[in-house]
Amino acid sequence: MWLGLRGVLSVADWWGTPAWPFIVDEFFRRLDDPDYEHWRTGGHPGPPPEGLARDEFRELLLSAPDELPTEFVDFCIHRGAIGFVRPDRSGDSYDIGG
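J.: Sorry, what's going on with the overall build of the chain here?
T.: When helices and strands are tallied, the chain shows five helices and zero strands. Helices and strands in the chain line up, N terminus first, as α-α-α-α-α. Evaluated residue by residue, the chain yields a buried proportion of 32% over its 98 residues. At a minimum sequence separation of 6, the contacts of the chain that also span at least 24 residues come to 56%. Summed over its atoms, the accessible surface of the chain is roughly 6,600 Å², and 56% of this surface lies on carbon and sulfur atoms.

J.: Just to check I follow, could you spell out helix α5 (residues 70-79) for this structure?
T.: Every α-helical turn comprises 3.6 residues, leaving residues that sit three or four positions apart pointing alike. Residues of α5 that are buried: Phe-72, Phe-75 and Cys-76. What you see down the axis of α5 is that its buried residues fit within an arc of 95°, all on one side. Opposite the buried face of α5, at more than 90 degrees from it, the exposed residues are Thr-70 and His-78. Buried-residue contacts for α5 involve α2 (20-31) and α4 (54-63).

J.: When you look at the packing of aromatic side chains in this model, what are you seeing that I'm missing?
T.: Two aromatic rings, taken as a pair, are described by how far apart their centres are and by the angle between their planes. On inspection of all chains with the given rule, the structure shows three aromatic pairs. Each ring, one from Phe-28 and one from Phe-57, has its centre 5.1 Å from the other, and the planes form 70°; the classification is edge-to-face. Note that Phe-28 is positioned in helix α2 and Phe-57 in helix α4, a separation of 29 residues in sequence. For the pair Phe-28 and Phe-57, one class covers both residues: buried. Centroid distance Phe-57 to Phe-72: 4.9 Å. Interplanar angle 65°. Geometry classified as edge-to-face. One end of the pair, Phe-57, is in helix α4; the other, Phe-72, is in helix α5, and 15 residues separate them in sequence. Note on Phe-57: relative accessible area 1%, which makes it buried.

J.: Sorry if this is basic, but what is going on with the pattern of salt bridges here?
T.: When the charged atoms of two side chains lie near each other, side chains of opposite charge can form a pair. What the rule picks out here adds up to four salt bridges. Note that Glu-26 and Arg-30 form a salt bridge whose closest N and O atoms lie 2.9 Å from each other. Residue Glu-26 and its partner Arg-30 are both found in helix α2; the two are separated by four residues, about one turn of the helix. In the salt-bridge network here, residues are joined through shared partners; they are Glu-26, Arg-29 and Arg-30.

J.: Can you help me understand α4 in this one?
T.: Turning to α4, its buried residues number three or more, namely Phe-57, Leu-60, Leu-61 and Leu-62. Those residues of α4 hidden inside the fold are in contact with α2 and α5.

J.: How should the nonpolar core be read in this particular structure?
T.: Side chains of nonpolar character tend, in soluble globular proteins, to be buried together. With 21 residues, the main nonpolar core has Trp-20, Phe-27, Phe-28, Phe-57, Leu-61, Leu-68 and Ile-82 as its most contacted residues. Secondary structure elements with two or more residues in this core: α2, α4 and α5. For Phe-57, the contacting residues outside a window of four places in its chain are Phe-27, Phe-28, Pro-48, Leu-52, Leu-68, Phe-72, Phe-75 and Cys-76.

Parameters at a glance
Residues numbered from 1 in each chain as written. Predicted model: local features only at pLDDT ≥ 70, side-chain atom pairs only at ≥ 80, totals over all residues. Heavy atoms only, no water. Helix = DSSP H or I, 4+ residues; strand = E, 2+ residues; numbered from the N terminus. Buried < 20%, exposed > 50% of the residue type's maximum accessible area, 1.4 Å probe, protein only. Contact = heavy atoms within 4.5 Å. Areas by Shrake-Rupley, 256 points an atom, 1.4 Å probe, with all protein chains shown as cover. Arc of directions from axis to C-beta. Phe/Tyr/Trp six-rings, centres within 6.5 Å; stacked < 30°, edge-to-face > 60°. Salt bridge = Lys/Arg side-chain N within 4 Å of Asp/Glu carboxyl O. Core = buried A, V, L, I, M, F, W, Y, C linked by side-chain atoms within 4.5 Å.

Written as structure tokens, this is what we have:
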């Protein structure tokens, strides 16, 4: 029980959790905004790799990120900084802060 609770708390914002759809939506919102504050430090990552339509990219990221081509996973993690998108849990909802 303790181990399960620890796991849930440490990966509460990953795929398959209630926060994931909010994280994906915010990720794409930030990509669409070249003036977003995070990009001031390292610059906007530019467009995603070619090979998937935007809707298909978003749908796979939402439902089956393990099926994304490697270059898209690399883009999300390294260039798009999806790991820095976090829900704002100061209220009772999963509103995205940032």
